[in-house]
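A structural walkthrough
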Amino acid sequence: MTAEATGVRLDCDGPVATVTLCRPDVLNAQTPAMWRALSDFARDLPGDVRVVVVRGEGRAFSAGLDLSVAGASGPGSFAELATLPEQECADRIAEFQDAFTWLHRPDVVSVAAVQGHAIGAGFQLALACDLRVLAEDAKFSMAEVTLGLVPDLAGTKRLVDLVGYSRALEICATGRRLDAAEADRIGLATLVVPNAELDGAVRDLTAGLLSGNRDAVVEIKALLAGAGGRSAAEQQRAEREAQTRRLRDLAGRGE
């Protein structure tokens, strides 16, 4: 399907892929069609891509779920999901989650370029990325609670990992908005820059990510991503094993 039909497009330029939400007239509100396209991007991504940048056209990153679609009666709507058997409904939501979780994959580093509102599904899309560069006007909100819903697009663990349980609970249970300064203060932002400098800051960060050895960066990401679930001894073992692989590879003795 075309970007016009799905509201999202993928552009690849060598080792950098850019995912652009392109529904600026509705602040890049998200739909099941958009999520299906995002899942397809994971399969279509060329093997030489090392960095994936996620951005939104216009004045917002994403205002969240498109309620005109979710509130209707068609596929992906609340009404349709509510009629499904419990396991089938859960399986359908798992398909939606796939649109977000591929951004965690170990062979790429994902960067969200966030301007304006990142609400609900928009917040979770930013959380799905490894790094978040925020314009000064960025505003986050986990607004699902205001609809009587829970965040279900793989954002809850990422949020807890970044800000801790207590802060994550307060953010999700109140649905309040966080500005860029607070996001920076509590660990949600990798970098906050003036709006006019957002694109340049993302380019500079991307260049920095590409400057290192690809296999070393993949190993580093795996080490850090798994650190929270390992004991100190387990993490030290993982470091030793990763370094052994790197030394053997650099010496031409890797598999």
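Heads up: the structure comes first, above all this text.
Attention here is on the structure that accompanies the text. This structure is a prediction, so every number in the text was calculated from the model and none was measured.

Each aromatic ring pair is specified by the distance between its two centres and by the angle formed by the two planes. Inspection of the entire model under this criterion finds three aromatic pairs. Look at Phe123 and Phe140: their rings are 4.6 Å apart centre to centre, the planes differ by 10°, and that puts the pair in the stacked class. Placement of Phe123 in helix H6 (residues 121-128) and of Phe140 in strand E7 (residues 139-141) is noted, with a sequence separation of 17 residues between them. Both residues of the pair, Phe123 and Phe140, count as buried. What links up through ring pairs into an aromatic cluster is the set Trp35, Phe96 and Phe100.

Taken together, the three strands give an open sheet; going across it, the order is E5-E7-E8, and neighbouring strands pair in mixed fashion. Every other strand in the sheet has two partners, leaving strand E5 (117-119) and strand E8 (177-179) as the edge strands with one partner each. Each neighbouring strand pair of the sheet contributes to a mean axis angle of 20°, computed without reference to strand direction. Bridge analysis of E7 against E8 gives three bridges, and the strand direction is antiparallel. Bridge assignment links Ser141 to a residue of E8, and that residue is Arg177. Across the sheet, H6 lies against E5 and E7, angled at about 95° from E5, the strand it touches most.

With that settled, consider the nonpolar core. If you look at the biggest cluster of nonpolar residues, it comprises 51 residues, and the most contacted ones within it are Leu38, Val52, Trp102, Val114, Phe140, Leu159 and Leu188. Those residues in contact with Phe140, other than ones at most four positions away along the chain, are Val114, Ala118, Ile119, Phe123, Ala126, Leu134, Arg176, Arg177, Leu178, Ala183 and Leu188. Val16, Val193, Val202 and Leu209 belong to the second largest nonpolar core, which has 13 residues in total.

All right, on to the packing of helix H2 (residues 32-44) against helix H5 (residues 86-101) then. One can describe the packing of H2 onto H5 by two numbers: an axis separation of 8 Å at closest approach and a directional angle of 55°. Viewed along their axes, H2 and H5 adopt a mutual orientation that is oblique. Remark: the crossing between H2 and H5 carries left-handed chirality. Contacts between H2 and H5 involve Pro32, Trp35, Leu38 and Ser39 from the first element and Glu95, Phe96, Asp98, Ala99 and Phe100 from the second. Looking at side-chain class alone, the contact of H2 with H5 contains six nonpolar, one polar and two charged residues.

Time to look at the sheet that holds strand E6 (residues 131-135). Reading across from one edge, E1-E2-E3-E4-E6-E9 is the order of the six strands in this open sheet, with mixed pairing throughout. Of all strands in the sheet, those bounded by a partner on one side alone are strand E1 (8-13) and strand E9 (191-193). Within the sheet, the average angular offset between the axes of one strand and its neighbour, ignoring direction, is 20°. By the bridge criterion, four bridges tie strand E4 (residues 109-114) to E6 in an arrangement that is parallel. Looking at E6, one finds that Ala112 is bridged to Arg132. Against the sheet, H2 engages E1 and strand E2 (16-21), with an angle of about 20° to E1.

Here we come to helix H8 (residues 165-174). Residues Ala168, Ile171 and Cys172 constitute the buried set of H8. What you see down the axis of H8 is that its buried residues fit within an arc of 90°, all on one side. On its buried side, H8 packs onto H6, helix H7 (156-163), E8 and helix H9 (180-186). A positive backbone phi angle near 70° is found at Gly175, which sits one or two residues after H8.

Enumeration according to the criterion identifies zero disulfides in this entry. Cysteine Cys129 is unpaired, with the sulfur of Cys12 as its nearest cysteine sulfur at 15 Å. Left without a disulfide partner, Cys172 is nearest to the cysteine sulfur of Cys129, which lies 17 Å away. Take Cys172: its relative accessible area is 16%, and that puts it in the buried class.

Reading the values: rules and limits
- Residues numbered from 1 in each chain as written.
- Predicted model: local features only at pLDDT ≥ 70, side-chain atom pairs only at ≥ 80, totals over all residues.
- Heavy atoms only, no water.
- Phe/Tyr/Trp six-rings, centres within 6.5 Å; stacked < 30°, edge-to-face > 60°.
- Helix = DSSP H or I, 4+ residues; strand = E, 2+ residues; numbered from the N terminus.
- Buried < 20%, exposed > 50% of the residue type's maximum accessible area, 1.4 Å probe, protein only.
- Pairing = 2+ DSSP bridges.
- Axes fitted to C-alpha atoms, helices over the stretch in contact; angles between N-to-C directions.
- Contact = heavy atoms within 4.5 Å.
- Core = buried A, V, L, I, M, F, W, Y, C linked by side-chain atoms within 4.5 Å.
- Parallel < 35°, antiparallel > 145°, perpendicular 65-115°, else oblique.
- Left-handed = near helix turned anticlockwise from the far one by under 90°.
- Nonpolar A, V, L, I, M, F, W, Y, C, P; charged D, E, K, R; others polar.
- Arc of directions from axis to C-beta.
- Disulfide = S-S within 2.5 Å.

Geometric values such as these leave the question of function open.
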